[in-house]
Amino acid sequence: MANISITRRCRRHCSYCFAKHELARESEADMPPEVYEAALGFLERSGFPEARLLGGEPTEHPLFREYVDRARERGFRVVVFSGGLVPQPALEYMAALPVDSFSVVLNAAEPANDAEALVNRQREVCRALGAKVMLGVNIRSSDEDPSYVLDWVTEYDLCRTVRVGIAHPIWGGTNDFFRLRGPRVIPVFERLVAIGAGIGVNVGFDCGFTPCMFSREFVDSHADMFMHSVTDPGAPTAQGWPTKGWASISDAGHDAAGLRQAHSDASVGQGRKAPASQREAIGVRCGPVVDILPEGDCIACYALSRFRRLPLPSEGARNDLVSFFDNELSPVLPAGVHRECTQCDYREKGMCNGGCRARRALRLRPNALIPLDPEPMGETTHP
Amino acid sequence: MKPSCQVSWFVETRGVTLCSRDGSVRHSIPYPHAGLWALIANGHYSTAYASELMSVLMSVGRQEAEREVEETLAAWMQAGFLSEE
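What counts and what doesn't
- Residues numbered from 1 in each chain as written.
- Chains lettered and ligands numbered in written order.
- Predicted model: local features only at pLDDT ≥ 70, side-chain atom pairs only at ≥ 80, totals over all residues.
- Axes fitted to C-alpha atoms, helices over the stretch in contact; angles between N-to-C directions.
- Helix = DSSP H or I, 4+ residues; strand = E, 2+ residues; numbered from the N terminus.
- Parallel < 35°, antiparallel > 145°, perpendicular 65-115°, else oblique.
- Left-handed = near helix turned anticlockwise from the far one by under 90°.
- Contact = placed C-beta atoms within 7 Å.
- Nonpolar A, V, L, I, M, F, W, Y, C, P; charged D, E, K, R; others polar.
- Expected span 1.5 Å × (residues − 1).
- Buried ≥ 20, exposed ≤ 12 C-beta atoms within 10 Å, placed from the backbone.
- Arc of directions from axis to C-beta.
- pLDDT = per-residue confidence, 0-100.
- Pairing = 2+ DSSP bridges.
- Core = buried A, V, L, I, M, F, W, Y, C linked by C-beta atoms within 7 Å.

S.K.: Give a description of the packing of helix α2 (residues 47-58) of chain B against helix α3 (residues 62-79) of chain B that names residues and reports values.
M.R.: All names here are of chain B. Following both chains from N to C, one finds α2 and α3 inclined at 110°, their axes separated by 8 Å at the closest point. Accordingly, the angle class assigned to the pair α2 and α3 is roughly perpendicular. Handedness of the crossing formed by α2 with α3: right-handed. Contacts between α2 and α3 involve A50, S51, M54, S55 and M58 from the first element and R62, A65, E66, E68 and V69 from the second. For the contact of α2 with α3, the class distribution of residues is five nonpolar, two polar and three charged.

S.K.: Describe in detail helix α7 (residues 187-198) of chain A, supporting the description with residues and values.
M.R.: Residue and element names in this part refer to chain A. With twelve residues, α7 should reach 16 Å at 1.5 Å per residue; the first-to-last C-alpha distance of 17 Å fits that figure. Every buried residue of α7 is accounted for by F189, L192, V193 and G196. On an axial view of α7, the arc spanned by its buried residues comes to 100°, and they lie on one face. Facing away from the buried surface of α7 by more than 90 degrees, the exposed residues are A194 and G198. As for α7, its buried residues are in contact with α6 (148-156), β6 (161-166) and β7 (202-205). A positive backbone phi angle near 75° is found at G200, which sits one or two residues after α7.

S.K.: Could you give an account of the confidence of the model for chain B, with specific residues and numbers?
M.R.: Residue and element names in this part refer to chain B. Per-residue pLDDT for chain B averages 93, and the proportion of residues at 70 or more is 100%. Mean pLDDT across the secondary structure elements of chain B bottoms out at strand β3 (residues 15-20), with 92, and peaks at α3, with 96. Reported for the predicted complex are a pTM of 0.85 and an ipTM of 0.87.

S.K.: Describe the confidence of the model for chain A, naming the residues involved and giving the relevant values.
M.R.: Residue and element names in this part refer to chain A. Here chain A averages 85 in pLDDT, and 82% of its residues register 70 or above. Here residues 230-278 scores under 50 on pLDDT; set against residues more than four positions off or in separate chains, the count is 105 contacts. Predicted confidence for residues 376-381 stays below pLDDT 50, and this span has twelve contacts to residues more than four positions away or in other chains.

S.K.: Describe the sheet that holds strand β3 (residues 77-82) of chain A, and please don't skip the residues or the numbers.
M.R.: Residue and element names in this part refer to chain A. Overall, mixed pairing links the ten strands, which are arranged β7-β6-β5-β4-β3-β2-β1-β9-β10-β11 in an open sheet. Of all strands in the sheet, those with a lone pairing partner are β7 and β11 (309-311), marking the two edges. When strand β1 (residues 3-5) meets strand β9 (residues 291-292), the two strands line up parallel, connected through two bridges. Bridge pairing in β9 links N3 to D291. In the packing of α7 onto the sheet, the strands contacted are β5 (133-139), β6 and β7, and the crossing angle to β7 comes to about 150°.

S.K.: Mind laying out the nonpolar core, listing which residues take part and the relevant values?
M.R.: Residue and element names in this part refer to chain A. In this structure, L53, V78, V133, L135, V162 and A303 are the most contacted members of the largest nonpolar core, which totals 123 residues. Per-element tally for this core: the top contributor is helix α2 (residues 33-45), with six residues. Among all residues touching V78, those that are not within four sequence positions of it are A51, L53, V68, A71, R72, S101 and F102.

S.K.: So what's going on with the pairing of strand β2 (residues 7-12) of chain B? Residues and values would help.
M.R.: Residues and elements named next belong to chain B. The element β2 is largely enclosed, with a buried count of five among its six residues. In this sheet, β3 lies alongside β2 in antiparallel orientation, the contact comprising six bridges. Across the sheet, the residue bridging to F10 is T17, located in β3. Where β2 hands over to β3, the hairpin turn is made up of two residues, counted between the paired strands.

Laid out in structure tokens, this is it:
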């Protein structure tokens, strides 16, 4: 997959926002039409049936409706990633779109902590869009109980899959992220799966999860979530440690880049055939996504937005950019997010590629990656 | 003596891994030598302290520890992992 960030505008100011640095950057606020057309061309060349529109808040782009129309005209199924503060005209427009070619991933507010106005607006969005909405939730600590999202699925008859993300650090940034304390089980994740299963709601996990966040019993009883369905030629292997002195070691295939699940089975666009769907194991979901920014630059992902960026190519496809980012990052990163990762049997079995690369980069001493812009992080400057 | 500016490192369970900034070279330093690296990387190196530490970690006499430190540092210097102040 690849995402198109069509605007830097956002009014939510989430503390954990992994786009925080990008939103604050002094650059184009809104993606201009010529860049958007080029981005759609890039998706076409990459063989993607979906146009995934991000922000900021994508519905705040002045040409939001035109951009969705244009993507659908070109045969894409459109997925909009929204924080829920959707302008009313955009909401009415989205309500009229067919569910088979349009959906919204709604980053759920937390009723107990977020502003009532935001929560109420999200309820309105859910009421208006119904099954077109897939709820998503980003978890910042093991104390959170995000099970409220499951109630909303039933209450508003939403898509019966909920997307769970873990708040990742922006490498070189200042966002509020989930602090991992070694390879430990984080019970909230499997609890959510269990509650969801009880009411017929599937829980899908986003990038950067590792099997060690789940109990052995859970991993063993959910093999479909943790094992590849295809052979992974780049599966990592345990590194051998010499017993004395020091010696060269290889950094065998950190990332199963070729395994990224481009699309869900339900996301085939009009007239465009999806690449063969591969069920990607939870532990190997970190790799360059490729996010296209409003000015047309491409980054590996938002968590690594302060590292390298490339101009949107007029030729070639996503795999070319993925190769570039992989080649830049893999040789210099630790094998995993924890110091124990080199000895982990999940890694040895190819069930885990070490977790979020931005987290892995945080382990480097001193920081070996060179930030693009050394200026201190600011707050969001775009309205 | 300090780590070369061309080198970064990270701590693993069994030692420290060094990595050239361009990613072309990667080396592991297992314990107890990783302890010596940590001394240098943290700016706490002195010959006396390093020898004492290695003597304890390796369970060897002081002279042998001094020799080990000397040889190890020479090798790291030659490999470009370390540079003079």
